[in-house]
Amino acid sequence: MPTKFIKKSVKKNGGKKKAKSYTLQSKTGLIELKCETDKHDKFYKKSVTINSGRVSSYFDLDWLFDKSAVILICENCSTIKWIKNQAQLRRAV
Ligand SMILES: [Zn+2]
């Protein structure tokens, strides 16, 4: 694992939820989710609701027809990944 050298995971029971690894179910199989910036593979999961059409057009989120989505925040660098189909999201074992 090339991710350990930067930072160890946040303190246990430190108030924050623990970051976890996730996979995405696709037609071709399970895809392991990794941060595009630093290849970190642990994320904090958050559900978000988009209230305004202005926001969704700003982010070019036309696929957000139900105005809700899941974001995964990289534990390491806080890069946000948008998950458009929450049903495909799986907790990695
Ligand atoms: Zn990252």
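Residues numbered from 1 in each chain as written. Predicted model: local features only at pLDDT ≥ 70, side-chain atom pairs only at ≥ 80, totals over all residues.

This paragraph deals with the pairing of strand S5 (residues 80-83). A regular strand carries its side chains on alternate faces of the sheet. Looking at chain direction, strand S4 (residues 68-74) and S5 are connected through four bridges and run antiparallel. Looking at the pairing, Ile-71 lines up with Trp-82 of S5. (Pairing = 2+ DSSP bridges. Helix = DSSP H or I, 4+ residues; strand = E, 2+ residues; numbered from the N terminus.)

Its location among the elements puts Lys-20 in the segment before strand S1 (22-26). Residues Lys-20 and Lys-45 lie 25 residues apart in sequence; the distance between their C-alpha atoms is 8.1 Å. Look past the residues within four positions of Lys-20 in its chain and what remains in contact with it is Lys-42, Phe-43 and Arg-91. (Contact = placed C-beta atoms within 7 Å.)

Of all hydrophobic cores here, the largest spans six residues; its members are Tyr-22, Leu-33, Cys-35, Phe-43, Leu-72 and Cys-74. With near-sequence residues (within four places) excluded, Cys-35 lies in contact with His-40, Cys-74, Asn-76, Cys-77 and Thr-79. (Core = buried A, V, L, I, M, F, W, Y, C linked by C-beta atoms within 7 Å. Buried ≥ 20, exposed ≤ 12 C-beta atoms within 10 Å, placed from the backbone.)

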